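# Structural description and commentary
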Amino acid sequence: MPWRTTAATALTRRSTTTSLQCTVGVMYSLERPVQGRSSCSKDRLGRKRRTVVSSLTEDEELTEILKSYSSNKVTTTKYSFLSFIPKNLFEQLHRFANIYFIFLAALNFVPVVNAFQPEISIIPILLVLAVTAVKDLWEDYRKHKSDKFINGLVCEIYSRKQQMYVDQRWQDVHVGDFVRLSCNEIIPADMLLLYSSDPHGVCYIETANLDGETNLKQRQVVRDLPRQGSELTPENFHSRIECENPNNDLSRFRGFMEYPSKARVGLHNNNLLLRSCTIRNTETVIGIVVYAGHETKAMKNNNGPRYKRSKLERRLNVDVLWSVVLLVIMCLTAAIGHGLWLRNLKDTSFLIPDTTSPALSGFYLFWTMIIVLQVLIPISLYVSIEIVKLCQIFFIQNDVDFYNEYMDSRIQCRALNITEDLGQIQYVFSDKTGTLTENKMVFRRCTIAGVEYPHEENARRLEVYEEDEAMGCSHTLKSRASAKSLSCKSLSCNRSSVSLHTLTGHSEGEESPSPTLPRHSAFSSPMEKDIVPDPFLVQKLNCLSSPLFLLRDASMELTYIVDFFMALAICNTVVVSSPNQPRHVVEVPEVSRTPLKSLEDIKMLFQRFGLPRFSTLSSPHTTESPRSFTRRLFSRGKAASFTPSPSPTPTKLGTEPDGEPNLEASILSIRPGLDGVPGEDGDQGYEEEGERGSWKGEEDKMLHLNPGAWSGLENSNGGEGPPSEPRADELIYEAESPDEAALVHAARAYRCTLQGRSLERLLVELPGMGSLAVRLLHILPFDSSRKRMSVVVRHPLTNQVVVYTKGADSVIMDLAESPKGAEQSDGRQGHIREQTQKHLDNYAREGLRTLCIAKKVLEEEEYEIWLKRHAFAETSIENREELLLESAQRLETNLTLLGATGIVDRLQEEVPETIEALQRAGVKVWVLTGDKQETAINIACACKLLRTTDQLLTANCDSKEACKALLLELRAEVERGEAAEGTSGFTLVVDGRTLDFALQEDLKGDFLELSRRCRAVVCCRSTPLQKSHVVQLVRDQLRVMTLAIGDGANDVSMIQVADVGIGISGQEGMQAVMSSDFAISRFKHLRKLLLVHGHWCYTRLANMILYFFYKNVMYVNLLFWYQFFCGFSGSVMTNSWVLIFFNLLFTSAPPLLYGILDKDVSADTLIKLPELYKSGQNSKAYLPSTFWLTMLDALYQSLVCFFIPYFAYAGSDADMLSFGSPINASALLIILLHQVIESRTLTWLHVLVLVGSALFYFSFTLVFSVVCVTCSPPTNPLGVDKLQMSQPLFYGVCALTTVLALLPRFLFHALRNSISPSDTLKAALMDQLNPDNYCRRMQHWNQTQAQSKARGLIINVEDLDIKIPDFILPKELKECRAATGSVLS
Amino acid sequence: MMASSYNAKEDGHVTVPGGGTIQNKKPDNTAFKQQRLPAWQPILTAGTVLPAFFVIGLIFIPIGIGLYVTSNNIKEFEIDYTGTDMSSPCFNCSQSFSWNSTRPCTCALPFSLEQPFESNVFMYYGLSNFYQNHRRYVKSRDDSQLNGDTTSLMNPSKECEPYARNEKMPIAPCGAIANSMFNDTLDLYYIDPNGTRIQIPLMKKGIAWWTDKHVKFRNPGGNPNLTSAFQGTTKPINWRKPVYELDTDAENNGFINEDFIVWMRTAALPTFRKLYRIIQKKNNMTPTLPRGNYTLEVTYNYPVRSFEGRKRVILSTISWMGGKNPFLGIAYITVGSVCFFLGVVLLIIHHKYGSRNNTADIPN
């Protein structure tokens, strides 16, 4: 026994054990079953899983295991105080350039080859290393500060010593600890939810810090955990948790918990509270930490800024290699020259006698020359490029045009080193939804049971909104904004908004996701909420409670309608909250749970009435008498009056045989809904009385039919209304996707209101029936492979198990295809399917997003069987996802189609203009979307991707052979079309299936050839994987620069594959943003980003790199020419300090400024003339020819710069340094003035830096020549420059050299600019005109451009509206044009 | 609650009681941040660069002419005394050579000046094919020793090897440069029309740079007695006498001997001249060197034949531009003319193309 005590003492965490605890520990250790330990050690060997037990455990083996997990202390810093220098050096030495220079520095210490004093030659590399080290240190320090802050946050951990929860810092949290959190606290580590103060064992978390999604997510206490009335007592927790090893998948968590009783229960994502999320809406939660610190999912996902290598840099590396070749050639020349020279010499007085052979000396000299000419390889270039890019990013981030007022967000640059790639994009791949469109889904129309409800009023309402927003500063926006600020203030709980940035220790350089406040009601702007119901549909729904309703056929339709809206309301994951407590979910009130249970007769009625199967439904309309139907209706009236509250009155009403009061009651339940819609819209500016008139009329008619209704309404409103009715309008729906929100709002417009949600129940208010509690059995969440989601509920009225499914029309249509017992119903269902399909096609043509709604009734046995297998899937740890998918697919069969919805997703502002600009810029725009073909074409048309002059090519085929044939045929057509006049381009539309074939190895060539000739390509029905394949194919096969832009998780792979990935931080979470290189908030920003910043960044960087090469070659060649006059001995005519500093100090700042600020054309002109972008696309600024031309110029300049002083001083008594002095000075002048010639803009900053550099050089050399008495042997500069600069000859030589050296380039520029100016130059010339001329010229340009493009078609530049004769218009386009005219833009 | 306090202090956001922040992220709309700094946009076209060419032409041509005339006005006389030809008086001396020969070989070269040298005449010795700029040669010196540092005097720098020590004795001055110091003695005689030889007085002071003589080169210690100052050192191997016997004048002896200083300033190119003596103008009436016959008497010590070097003596006057060199003047004139010509060409081009740029017609 004593040994146990000591062991327990030793193993207790943080060694604060007291004797009291020891005794407790002994007790526990005695209690623990021995087998548990052995099994865990077995698992531990495998190490495929992680075992977590309570940290209070006494088991030494388990404690050891817990200790082996990393603690919650995060250090995102790379270095510690001690390790900084060695580690940073080590990292820097990974760069090739640095190794090269260290090698050179080391070489200089070898006596036979050394060129300078060893100390001097290490200066450049030290300087470069130091600059980089300082940068790294600064970055690291910032990280350290944020780490320290985060580690120091406080949370409550259960302490065994005090037997209670005590405050501890985050860094002291360990795996196995029990953490108690209260509302609005941030979760310190990934923990398993063990207890929630919520009676249902759920808690809500907000993951905005993690993924930017602001909607609440529900988490659930581990199932079957013995429910304790009070809080969970950590001492009594003896279960063992087995879960997977830490990974970065935020949406997956697998494992199981083994109770002491050996019972196992599966754990999944729903039980896990993730680090850096915030607890909402739940008073207290307790969890056990399973992953801590760097092993948390949040940290695993935090992979810092992205590093890509830009195209320009790849090109640059080639040229650096050329420089190396040049260097080797020069050194070889010198080495051979030296060898030959030595061989011809005999006894000399100036040679130091030694025994080395000329060949060996030549070999030594080779290395000496490498040291002397080292500057040829531009080391400082790499550092300079980094600095320039950082500044470019600074400018991009500070561009006020990228600021989005509504979201208060700027552009985020996540990749720091591909700015210039923005200027070379040739292909843009765009997502549609949320990228081109707003992703603000608004319910537009629907079809139920084969009947279309056009919702004309709704359409008109949408137009009103559109006009409002088109006006720019619409009051709608303003009022929205003010409402926003109001809601900010009304937030009761102080929302903590520690950004993801700080919590996960993000590296800086990226903005934290926008403050969550403005977005908290993201999917519920009035436009999305206020749906005007279709009068006919309302009428039909009203029939539920109207005595006039007698048509029997319609009654079946009515079941469809009710089910349809029921599905809209509940088949989702929408969380309901009320606005006064924005973060508080409206729960299902306990009281309203089972009001219907007691009313057996009503239940029976609905069972019959609401049966989905036509086998049973088709009979009633022949057998049922009108009387019985009326009775049924009356009874429904009863139901309605019962449900709102379980007060004693309904019972009384229900037992009353008379119909009258019931009717009144049912009208009553309709009223609030009717009231609500216009009431809320009152201030939103669509109070066109006429339009509302018809709707009102309907209402009046109805009321008129029930004269007693008004009084009844008033009465009962006072009596029993309040608890539920006023609330209905104020509910806030927080949905994961905007579609869901739109549908829930739509259902609400028809008074099928989702009123609350808890884990097991949904509260739905149905017209004429009041609030019903629906038991939620399962949610089968949406995934992209199934393209649908389902809920399994127990129907409140029929008490059957019903599956409601909603999903993409293609899949639902297929699933609804073969009802198994459908002999009789076939006709009916077939008819519905046929009609619905027709309507769907229409919707798509209108550009609406379509969703199909279906349901299925499960037999109890059927459900039991499924449930068993589903439970197995849920609890399994290995491949749970696959099993769940399979399970879902098993359930979603033989669906009954209820109807379909059409949702409008409006185009974002300026999308057509942006696309047009991109196309004019020579960028090919492809749209990759998961939507239907018709929708895609329609949107493409609306955003001017498809011009009316374009010829549309569609590729839909079912087999590979057909696909091949089609591709060839289309290609032939394109070739014919290219030969013929009249069409401006081709647009290819491919659907997903065809794309699959086309992407296969043997067809991709044909596909590319075809698509290359098309101006635009639209891929519809494509999966995320296909998107990335397409991007990859185009990028790799055509070797072009690609850009992918998208906003959703389905675009992530495409964004990652493309050369430049752009995320739109919009409505759909942050996954796209997290994986992107740049994140913008609107599609229109792409225009300025590419056309202006891309162009600038590219030309700036390209010019700067060329200039760097020029500068180095020019300077190094001076030293090389000297070798011909010093016996190739590696002598230099310059003081070694000046030589080293020449590149590092005297001429380093101007190119930087040049790379940061140079501006060839103004931003305005670049936007107005997108054609200018083409120069970057074709890499005009940095072609190999440009490189070699620059090299030649450098060679010429160095020749001039060397030989003019040479001839001027030849034969004179000039010593080496006096000879070098004018050479250096003129080289400096040439290099600086060369830049002036190359610069397109000179600001006062340029002047400052240029003059500063020159002054710096002259003052440095002067001072150096005065104070340096014995320093820097053998090139002691004492007196040299002082004397030289006092002589007129010096200035005479400098002036002549400078002029002669710069003459060719000066002349070349002047001639080229006069004789054949580039587009860029012409634009720059236009910039200098006065505004009037500028406008005139701009128009002229645009016209000529358009003419050359459209081959004679007249394009009015003013409104960019293309006027063309109608006969060219293909049929589809004409239609889509008409449709877009009315609906979209 | 901890998070909101963080918000307030870390981000500098103004935290309103409700918890929201009212600072927005809108970038400053400043000229610099929006890249709208006022800028001068030089666009080089024929029209704009035209004036520059003419201006350069107009400035350069006169300068060139001035330089050319100046250079032409400089009187320069050069005589090669290497003695490679059999006919040369110094042939014999050049044939028999050893650094350490005790018997000096002398030769006399007669020459005549066609024109009188009016102002101060600078007398140079010139060497050809002598690579004083060879890297290892240039390095082979000890600046500290020459600056009078006594430790360096006794322990010459490694760079001086193999001329740092001779038989364990430190060499002063050490190194290859000093060791190979030019040691011919040149004397100039004017042959009077009467036939009498008049020795022309040669100034041997003021031939070195002031900074070199007074700052860079210093004798070791404060000891005026150079013999004791250089105690413990030995002469360079090729020298005939130690460094403290270079001259009798204490101001021109030891390391501060001007001939030595001039030699130590290594020439830039393998063909070079070094100032040997200055012949000062006596008065305004008589030219420094009148026209007539002269004799150059050479004490021939310095070997150059082994590496095919040449030795010359140059007599030259100088101008503000230095010695005689027509190159710069010609170059200026040429460049000026080319610029002027290009200016004309550009004018034509400007007339041909420039007008096109001014119309609204921009060709695509």
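Residues numbered from 1 in each chain as written. Chains lettered and ligands numbered in written order. Predicted model: local features only at pLDDT ≥ 70, side-chain atom pairs only at ≥ 80, totals over all residues. Heavy atoms only, no water.

## Quick notes on the overall build of chain B
Formally: To qualify as a helix, a DSSP run of H or I must reach at least 4 residues; to qualify as a strand, a run of E must reach at least 2; elements of each kind are numbered from the N terminus. Note on definitions: a residue-residue contact is assigned when non-hydrogen atoms from the two residues lie within 4.5 Å. Shrake-Rupley sampling with a 1.4 Å probe provides the accessible areas, and residues are treated as covered by the protein chains on show and by no other component.
Scanning chain B for helices and strands turns up 11 helices and 10 strands. Counting contacts in chain B only where the partners sit at least 6 residues apart, residues at least 24 apart contribute 78% of the total. When the accessible surface of chain B is totalled, it reaches about 17,000 Å², and 56% of it is carbon and sulfur.

## Observations regarding the interface of chain A and chain B
As a reminder of what qualifies: As a working definition, buried area equals the accessible area (1.4 Å probe) given up by two parts on being put together, with both sides summed. Any Lys or Arg side-chain nitrogen located within 4 Å of an Asp or Glu carboxyl oxygen qualifies as a salt bridge. Any N or O atom pair separated by 3.5 Å or less is treated as a polar contact, with the protein-specific requirement of one donor-capable and one acceptor-capable atom, and with residues adjacent in sequence counted only for side-chain atom pairs.
Every contact between the two is made by 124 residues of chain A and, on the other side, 99 residues of chain B. For the chain A and chain B pair, buried surface summed over both sides reaches about 9,400 Å², with 63% attributable to carbon and sulfur atoms. Considering only the surface of chain A that becomes buried against chain B, A:S349, A:F350 and A:I352 emerge as the three largest contributors, covering 8% of it. The partner of B:R265 in a salt bridge is A:D1215, and the shortest N-O contact between them spans 2.7 Å. Linking chain A with chain B are 21 residue pairs in polar contact (both at pLDDT 80 or more), by the criterion used here. In terms of residues, the side of chain A that touches chain B owes the most to one element, helix α50 (residues 1288–1315) of chain A, which gives 18 residues.

## Looking at the UniProt feature "transmembrane region" (unreviewed entry) in chain B
Residues and elements named next belong to chain B. Just so we agree on the cut-off: UniProt positions are given in the numbering used here, feature names are shortened, and annotations may be inferred rather than shown by experiment.
UniProt's feature table lists "transmembrane region" (unreviewed entry) at residues 43–69 and 327–349, given in the numbering used throughout. Taken end to end, residues 43–69 is 89% helix and 0% strand, and its two terminal C-alpha atoms sit 38 Å from one another. Between the end C-alpha atoms of residues 327–349 the distance is 32 Å, and the span holds 100% helix and 0% strand.

## Overview of the sheet that holds strand β11 (residues 272–273) of chain A
All names here are of chain A. Counted only if it meets this: For two strands to count as paired, DSSP must find a minimum of two bridges between them.
Strand order in the open sheet formed by six strands is β3-β2-β4-β13-β5-β11, and the pairing between neighbours is antiparallel. Both edges of this open sheet fall to β3 (164–169) and β11, since each of them pairs with a single strand only. Across five bridges, strand β4 (residues 178–182) lies against strand β13 (residues 284–291) in antiparallel orientation. From the neighbouring strand, S182 faces β13, where its bridge partner is T284.

## So, the confidence of the model for chain B
Residue and element names in this part refer to chain B. In plain terms, the rule: The quantity called pLDDT is the predictor's confidence in a given residue, expressed from 0 to 100.
Put simply, chain B has an average pLDDT of 85, and 89% of its residues get 70 or more. Here residues 358–364 is a poorly scored stretch, pLDDT under 50, and it has 17 contacts once near neighbours within four places are set aside; other chains count. Model confidence for the complex: the whole-complex pTM is 0.75, and ipTM, which rates the interface, is 0.92.

## Some remarks on the side chain of A:Q1177
Residue and element names in this part refer to chain A. Stated formally: Categorising residues by exposure relies on relative accessible area from a 1.4 Å probe, with only protein chains included: less than 20% of the type maximum marks a residue as buried, more than 50% marks it as exposed, and the intermediate range marks it as partly exposed.
The topology assignment puts Q1177 in helix α45 (residues 1174–1177). With a relative accessible area of 5%, Q1177 lands in the buried category. A polar contact of 3.4 Å, which involves the side chain of Q1177, links it to the backbone oxygen of A921. Not counting residues up to four positions away in its chain, the partners in contact with Q1177 are K311, G423, Q424, I425, Q426, A921, G922 and V923.

## Digging into the pairing of strand β6 (residues 185–191) of chain B
Residue and element names in this part refer to chain B. In the sheet, β6 pairs with strand β9 (residues 292–300) via seven bridges, with the strands oriented antiparallel. Paired with I191 across the two strands is N293, which belongs to β9. Examined bridge by bridge, β6 and strand β7 (residues 197–199) share three bridges and lie antiparallel to one another. Residue I191 lies in a different strand from β7, and its bridge partner there is R197.

## What about the packing of aromatic side chains?
Where two aromatic rings form a pair, the distance of their centres and the angle of their planes describe that pair. Residue and element names in this part refer to chain A. The cut-off we apply is this: Any Phe, Tyr or Trp ring, taking Trp's six-membered ring, that has another such ring centre within 6.5 Å forms a pair; planes under 30 degrees apart are called stacked, those over 60 apart edge-to-face, and the others tilted. Any Lys NZ or Arg CZ that is within 6 Å of a ring centre and within 35 degrees of that ring's normal is treated as a charge sitting over the ring.
The full count for this structure, using the stated rule, is 72 aromatic pairs over all chains. Ring geometry for W1121 against F1124: centres 6.3 Å apart, planes inclined by 35°, an arrangement best described as tilted. Taking the centre distance of 5.2 Å and the plane angle of 70° together, the rings of F1146 and F1256 count as edge-to-face. A residue pair is termed long-range when its members are at least 10 positions apart, and F1146 in helix α42 (residues 1136–1146) and F1256 in helix α48 (residues 1244–1267) qualify at 110 residues. Among the residues examined, F1146 registers a relative accessible area of 0% and is labelled buried. With a relative accessible area of 37%, F1256 lands in the partly exposed category. Clustering of aromatic rings is evident, with ring pairs tying together Y1115, W1137, F1141, F1142, F1146, F1256, Y1257, F1258, F1260 and F1264. If you follow K1111 out to its NZ or CZ, it ends over the ring of F1108, 4.8 Å from the centre.

## Some thoughts on the packing of α50(A) against helix α2 (residues 46–73) of chain B
Our working definition: Between N-to-C directions, angles span 0 to 180 degrees; the directions come from axes that are lines fitted to C-alpha atoms, helices contributing only their stretch in contact. Roughly parallel refers to an angle under 35 degrees, roughly antiparallel to one over 145, roughly perpendicular to one between 65 and 115, and oblique to any angle outside these ranges. The sense of a crossing depends on the near helix, which, turned anticlockwise from the far helix by less than a right angle, makes the crossing left-handed and, turned clockwise, makes it right-handed.
One way to put it is that α50(A) packs onto α2(B) with a least axis distance of 10 Å and a crossing angle of 155°. What the angle tells us is that α50(A) and α2(B) run roughly antiparallel. With respect to the hand of their crossing, α50(A) and α2(B) are arranged in left-handed fashion. In this structure, α50(A) contributes A:A1295, A:L1296, A:V1299, A:L1303, A:F1306, A:L1307, A:A1310 and A:S1314 to the contact, and α2(B) contributes B:A46, B:V49, B:A52, B:F53, B:I56 and B:F60.

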